[in-house]
Amino acid sequence: MAVGMVAMGTLVTSRIEKSVTTVKAASVAFSVNNFIAPHIQELASSEQLSLKKFEDLKHAIDHSGLLAQVTSFRIWRRGGFIVYSNEPHVSQQDFLESSGVSQAWSGAVQVQFDDDIPLIKVFAPVRDSATGSALAVVESHEHVSALDSELVASKWQIWLATALITLNMMGCLFVIVAHSGRIIDRQRLALVERVSQLSEILQQNRLLQGRIERAARKTTEDNERLLRRMGYDLHDGVAQLVSLALLRLDKVKGSPQERDNLHKIHKALSDALGDIRNICKGLLLPEVRSMTLKEALMFMIRTHERRTGTTIECTIAELPDQAPEFVKIALCRFIQEALNNAFKHAGGQGQRIDIAWNGAQIMVEVADRGPGIDDIDRCMRGPGLGLASLRDRIESIGGDVTMNSASNAGTRITASLPLVMEISDAA
Ligand SMILES: Nc1ncnc2c1ncn2[C@@H]1O[C@H](COP(=O)(O)OP(=O)(O)OP(=O)(O)O)[C@@H](O)[C@H]1O
Ligand SMILES: [Mg+2]
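Since we're looking at a predicted model, the values are computed, not measured.

J.: Please clarify how the confidence of the model for the chain should be interpreted in this entry.
T.: Close inspection of predicted coordinates is inappropriate for parts of the model with low pLDDT. When pLDDT is averaged across the chain, the result is 87; 98% of the residues are at 70 or more. When the criterion is pLDDT under 50, residues 422-427 qualifies, and its contacts beyond four places in sequence or with other chains add up to 8 contacts.

Take a look at the structure:
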C-alpha cells in the first residue's frame, strides 16, 4: 500500500505539472498565432522585416498584453538571428540557438520548466501562412513563482490526500483482520472443545467396544462349554438309554404280529440313536485349548473329510500357534458350517480351503464349485440358521464375513479375524 501510495502521488503530481505547462504553452501559441504571425510573414521571402512591419509587430506586441506576463520575449529567424526582443541589447543580433529553439523548428511547441527560478520557457513556431512551414520561433520566458507555490501546495495536498486515503484503507483492513482474527479464535476454541468432546466420546466408545468384544468372546466360550455339555449329556444319557432300550428290545419275544411291531420300534429307535450320535458329533468340538490353531483347523477339515467321504484341497499358510481360545472356537465353527454347506448344498464338489495370515489378520476362505447362490440376502433371511449364526459369531469378536457366489459359479465364503501375534518356532 505504501508503494502504491508513493506511485499514485508521483503520478498525479507529474500529471498536474504537465497539464499546467501544456495550458501555458497553448496560451502562448494562441497569442503568437493571433498577434505575431500576421506581422512576420515577410520573413518567408526576406531576411529582415521592413520598417513598417517591424513597427506593426511592435505595436501588436505592446497591445496584446503579452509583455505583461513575460520577462523575456524573442522572435528567432532561422540561422540564430533575433528579429525582435523586448530586451533591446539582444534585438537584431545573432546568437547561438538554444535547444528549445532548435527543437521548435520541427513545428511543435516546446515547453521547459526551470525549477530553480522558477521559470516557464515556451518555444512556439510561427508558420508561413502559404506553405505551413515554420518561418520563425517565438521564445518567451515567464516567471511563475505564484504558479509554482500553487503547484507545491497542490502537490502537498495530493500527498496528504493519498496518505489519508491509504491510512484509511489500512485502518479498514486492520479492523477487518482484527475482527476476522477474533472470529477465527472463537471458532478455534469451539473446535477444540468439540474435538475434546468427540475424543471423550470416542474413548467411551472404545471402552464399550472392548467390553462388548470381551463379552462376545466369553459368550463364545460359554456357548461352546454348553454345547459340549449338551453333547455329552445326549451321548452319555439319552443315547445310552436308547441303546439300552434297543438291547432289551432284542430280547423281547412275541407273536409274529408283535415281532413285526417290535421290528418297527427297533428300526425307529436305531434311527433315533443314529440321529442323536450325529447331533453329538456336531455339538462336540475337540478340546481346542490344548491344540495349536493349525491343529484345531486341520482337525475340523479331516473330520469333515472322514464323515462325508470327500476330499478338501487345502492351502494353509504359516499360522501363529498361540491363538486365543475364542478365536480357535470361532474359526473351527466357521469351517464346520461352511464345509457342511458345501457338502449339503453343493454336493462337496471342488471343496477348497485357503488359510492365510498377514501378521495382523487371519483369513479363512471355504469354496466349492457347486450350483452357487442366486440371491445371498434372500438365503440369509431363509429358515437356515448356519450362515446367520456364523456371521454373528465372527462379527461379534471383531471379524468380518464376506460371501461371493453366483448361479452355477460356486460359492466362496471368507472370514477375516484380527489376530496380532508372533510366529513361534514350532509353527
Ligand atoms: N455352499 C453353498 N452352495 C449353494 N447354496 C448354499 C451354500 N451355502 C449356503 N447355501 C444356501 O444358503 C442357504 C442358507 O444356508 P444356511 O447354512 O444358513 O442354512 P442351511 O444350511 O439350509 O441350514 P442349517 O445350516 O441351519 O442347517 C441354504 O439353504 C442354501 O440354499
Ligand atoms: Mg448350513
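J.: In this structure, what is going on with the packing of aromatic side chains? I would like to understand it.
T.: Centre-to-centre distance and the angle between the planes together describe a pair of aromatic rings. As enumerated under the stated definition, the model contains 2 aromatic pairs in all. Taking the centre distance of 6.3 Å and the plane angle of 65 degrees together, the rings of Phe-73 and Tyr-84 count as edge-to-face. Placement of Phe-73 in strand S1 (residues 72-77) and of Tyr-84 in strand S2 (residues 81-85) is noted, with a sequence separation of 11 residues between them. Since its relative accessible area comes to 1%, Phe-73 is described here as buried. Accessibility expressed as a relative area gives 5% for Tyr-84, which makes it buried. Taken together, the ring pairs connect Phe-54, Phe-73 and Tyr-84 into an aromatic cluster.

J.: Would you mind going over the coordination of the magnesium ion (ligand 2) with me for this structure?
T.: When a metal carries six donors in an octahedron, the ideal angles between them are 90 or 180 degrees, while four donors in a tetrahedron ideally lie at 109.5 degrees. Protein ligation of the magnesium ion (ligand 2) involves Glu-337 (OE) and Asn-341 (OD1), the donor distances falling in the range 2.1 Å. Of this pair, Glu-337 and Asn-341 both sit in helix H8 (residues 325-346), separated by 4 residues, roughly a single helical turn. One exposure class covers both Glu-337 and Asn-341, and it is buried.

J.: What's the story with unusual backbone geometry in this structure? I'm lost.
T.: In this model, Gln-92 sits at a positive phi of 60 degrees, which is unusual for a non-glycine residue. Turning to its location among the elements, Gln-92 is positioned in the loop between S2 and strand S3 (93-94). Judged by relative accessible area, Gln-92 falls into the partly exposed class, the value being 35%. Phi is positive for Asn-408, close to 60 degrees, though the residue is something other than glycine. Checked against the element boundaries, Asn-408 lands in the loop between strand S10 (400-405) and strand S11 (411-418).

J.: It is not clear to me how the layout of surface pockets should be interpreted in this structure. Could you clarify?
T.: Using a probe with the size of a water molecule, rolled over the atoms, empty space left in the structure can be pinpointed. In this structure, the largest pocket spans a volume of roughly 980 Å³. Sorting the residues of the lining of the largest pocket by element identifies helix H6 (256-283), helix H7 (293-308), H8, strand S9 (361-368), helix H9 (376-381), helix H10 (386-396) and S11 as the ones contributing at least two each. Counting residues per element, the lining of the largest pocket draws most heavily on H8, which supplies 12 residues. Of the residues in the lining of the largest pocket, the class split is 20 nonpolar, 13 polar and 6 charged.

J.: Help me out: how do you make sense of a nonpolar patch on the surface in this one?
T.: A cluster of nonpolar side chains, Met-1, Leu-160, Leu-164, Ile-165, Leu-167, Met-169, Met-170, Leu-173 and Ile-176, forms an exposed patch at the surface whose accessible area comes to about 900 Å². Structurally, Leu-167 is set in helix H5 (residues 145-251).

J.: Got a minute to help me understand the site of ligand 1 in this structure?
T.: What surrounds ligand 1 is a group of 14 residues, the closest being Asn-341, His-345, Asp-368, Leu-385 and Leu-387. Between ligand 1 and Leu-387, the relevant distance is 2.9 Å, taken from an oxygen atom to a main-chain nitrogen or oxygen of the residue. Between a nitrogen atom of ligand 1 and a side-chain N or O atom of Thr-411, the distance comes to 3.4 Å. When ligand 1 is considered free in solution it has 600 Å² of accessible area, and contact with the protein chains removes 77% of it. A per-element tally of the shell around ligand 1 places H8 first, with 5 residues. Class assignment for the residues of the shell around ligand 1 results in 5 nonpolar, 6 polar and 3 charged.

Calculation criteria
- Residues numbered from 1 in each chain as written.
- Chains lettered and ligands numbered in written order.
- Predicted model: local features only at pLDDT ≥ 70, side-chain atom pairs only at ≥ 80, totals over all residues.
- Heavy atoms only, no water.
- pLDDT = per-residue confidence, 0-100.
- Contact = heavy atoms within 4.5 Å.
- Phe/Tyr/Trp six-rings, centres within 6.5 Å; stacked < 30°, edge-to-face > 60°.
- Helix = DSSP H or I, 4+ residues; strand = E, 2+ residues; numbered from the N terminus.
- Buried < 20%, exposed > 50% of the residue type's maximum accessible area, 1.4 Å probe, protein only.
- Donors = N, O, S within 2.8 Å, 3.2 Å for Na, K, Ca; no water.
- 1 Å grid on protein atoms, 1.4 Å probe; cavity = no way out; pocket = protein on both sides within 12 Å on 5 of 7 lines; lining within 4 Å.
- Points joined across faces, edges and corners; volume = space filled by probe spheres on them.
- Nonpolar A, V, L, I, M, F, W, Y, C, P; charged D, E, K, R; others polar.
- Patch = residues over 30% accessible without salt bridge, like charges linked within 9 Å, V, L, I, M, F, W, Y side chains within 5 Å.
- Areas by Shrake-Rupley, 256 points an atom, 1.4 Å probe, with all protein chains shown as cover.
- Salt bridge = Lys/Arg side-chain N within 4 Å of Asp/Glu carboxyl O.
- Near = heavy atom within 4 Å.
- Polar contact = N/O pair within 3.5 Å; in protein donor to acceptor, adjacent residues only side chain to side chain.

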